[in-house]
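Descriptive analysis of the structure
Residue strings, one per chain:
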Amino acid sequence: MFIFLFLFFAILFSCGEAKAASYNANAVLGQTDYTHGDANQPNLTTGLNYPQGNVVDTVHHRLFVSDTNNNRVLVFLLNSSNNVISETPTYVIGQPNLSTVSGATTQNKLSSPLGLSYSAASNTLFVSDYGNTRIMVFDVSTSSIANGMNAIAVIGQTNFDSYDSYSYVPSEYSIGSPSSVEYDSVSNTLYVMDMGWNRITVYDINNLLTTSTPASAVIGQSSFTITGASAGQTRLSSPSSASFNSVSNTLYVTDKNNHRVLVFDLNNLLTTSTPASAVIGQANYTDNSSGVSQTTLNTPQGSAYNAVSNTLYVADSGNSRVLIYNLNSLLATSTPASAVIGEPNFDTGSGGLAQNLLYVPTGLSYNSTSNTLFINDYGNNRVVVFDGSGNVASAQGILGQPNYVNSAVNRANATNVDMNQVSFTAIDSVHHRLFVSDSANNRVLVFLLDSDNNVTTNEASYVIGQENFVSSGYAVSQGGLQNPGGLIYNSASNTLFVADYNNSRVMVFDVST
């Protein structure tokens, strides 16, 4: 799932000497050399045109890349350590060959594919075929994969050769806006976030059909034909995120525009009109006003679940705080938060700039190893880390700023403590490192963590994409980047995959210690 979370923190750390390093990539996908960054260079066989998503099959050693503007998914073979062995893709999905790029609505074509999800158990690739408003399912087992292969199933449409869009009446067969796909390997269930139609559609993959697979359930609407936003026990308004509790089979949905979190017991999932079992942030299911108190929310966006303590964290963005809920004490309505991060009490929500304040927090991520919460403090241009128990009022660390009273972008110059438009992160939990895409500075920063994967310094130890910490220009070279985005770390080969977005390529770096 695409998920975009950014995290960091510190109590003024005593900083060791930072080491700048000009790393060279050991492989590049989408370009024939390191001095070009144009789309489809030098040809369609090895070129890329704004790749958006990727997923790694670590069992069969393959990398799938959504080549969005070329309306295809490319398949690169990796070696046994999951390193790239060829810059030329071995297979192409969505096109009959590597020389065509036209989008279409057929069983073997795609139109602007985005998110990817892979099931290792069934050797199945799920493709969010955004332009065709559908999810395409491909059998990518080694005996079946081939250029221009047919999808084995389509989800969200009644057939392979037509599609319903916003101008059509929605149903259990159609999808309004499939921006992301979530796969639950335990129950073999697919959840599609259909934000355009204010709902979540649920698919039982055990009953997957070749065509016309209907959603087995819809969450957020009273029927498959209703798309409007509304409050109520069975309705949603722009659901922005969801956190899943696999132990109790419970889904926590952040219902942003209704200023609440709905709790759904999936053991009692109905085909339609599944009522929420609890509501957080409102006194009942019909109210949808915002508020700032121990029992109210204002435009909640991100969420994270702590399975160890059965705790839910909610980024209450409009109130510039993060609320913590003890789910062992969950009530049917008006469950009070047990702790607040970012404000001095439950009745203030103005936000600010300090070690104990936040300003419009969005993404959240929980680190169970150290019981710490990573918070993307969007309005303050930083990522801060707090104790996950909520018992410590001040942040334990900070990344992106030299201290807790600055929030400016780069503060005039790029250094090893500054950031400009943090986009993605990846954690190496084995060697205890945090990789951060500092996109507008055209670089990836590397922070050393302690043995519990806690931040120990607010200074980056290494930089990728620049020769040093004070340069920030973009480049098309073996060591340069231009607006880097998504990161994927492969612990088996100590390899970092960087989506070098504006250079239309994927850069591969050997980051072994």
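Preceding this section is the structure that the text describes.
Reference entry: report on the structure contained in this document. (Residues numbered from 1 in each chain as written. Predicted model: local features only at pLDDT ≥ 70, side-chain atom pairs only at ≥ 80, totals over all residues. Heavy atoms only, no water.)

**Observations regarding the packing of aromatic side chains**
- By the definition in use, this model includes three aromatic pairs.
- Seen in terms of ring centroids, Y252 and Y305 are 5.8 Å apart; in terms of plane orientation they differ by 20 degrees. Their pairing is stacked. Of the two residues, Y252 is situated in strand 15 (residues 250-255) and Y305 in strand 18 (residues 300-306); the sequence distance between them amounts to 53 residues.
- With relative accessibility at 17%, the residue Y305 sits in the buried group. (Phe/Tyr/Trp six-rings, centres within 6.5 Å; stacked < 30°, edge-to-face > 60°. Helix = DSSP H or I, 4+ residues; strand = E, 2+ residues; numbered from the N terminus. Buried < 20%, exposed > 50% of the residue type's maximum accessible area, 1.4 Å probe, protein only.)

**Here's the deal with the environment of Y474**
- Following the sequence through the fold, Y474 ends up in the loop between strand 29 (462-464) and strand 30 (484-490).
- Apart from residues lying up to four places away in sequence, Y474 is in contact with N442, L481 and Q482. (Contact = heavy atoms within 4.5 Å.)

**Quick word on the sheet that holds strand 17 (residues 278-280)**
- An order of 14-15-16-17 is seen for the four strands of this open sheet, with the pairing classed as antiparallel. Edge positions in the sheet fall to strand 14 (239-245) and strand 17, since each has one partner strand and no second. Strand-to-strand twist of the sheet, defined as the mean angle between neighbouring strand axes without regard to direction, takes the value 20 degrees.
- Bridge count between strand 14 and strand 15: six bridges; the pairing is antiparallel. Bridging across to strand 15, S243 finds its partner in Y252. (Pairing = 2+ DSSP bridges. Axes fitted to C-alpha atoms, helices over the stretch in contact; angles between N-to-C directions.)

**A few points about the nonpolar core**
- Core analysis: the biggest nonpolar cluster contains 18 residues, and F64, L125 and F138 have the highest contact counts within it.
- At the level of secondary structure, the elements contributing two or more residues to this core comprise strand 4 (72-77), strand 6 (113-119), strand 7 (124-129) and strand 8 (134-139). (Core = buried A, V, L, I, M, F, W, Y, C linked by side-chain atoms within 4.5 Å.)

**Things to note about the pairing of strand 27 (residues 433-438)**
- The buried fraction of strand 27 amounts to six of the six residues, a majority that puts the element mostly inside the structure.
- Along strand 27, one buried face is formed by R433, F435 and S437 and the opposite face, lined by L434, V436 and D438, is buried too.
- Sheet topology note: the strand 27/strand 28 (residues 443-448) ladder contains six bridges and is antiparallel. Its bridge partner being in strand 28, F435 is matched across the sheet by V446.
- From the end of strand 27 to the start of strand 28, which pair antiparallel, there are four residues, and N442 there has a positive phi angle of about 55 degrees.

**Some remarks on the sheet that holds strand 18**
- Read from one edge of the open sheet, four strands run 18-19-20-21, paired in antiparallel fashion. Each edge of the sheet is formed by a strand with only one pairing partner; in this case those strands are strand 18 and strand 21 (339-341). With direction set aside, neighbouring strand axes in the sheet form an average angle of 20 degrees.
- In the sheet, strand 20 (residues 321-326) pairs with strand 21 via three bridges, with the strands oriented antiparallel. Across the sheet, V322 pairs through a bridge with I341, a residue of strand 21.

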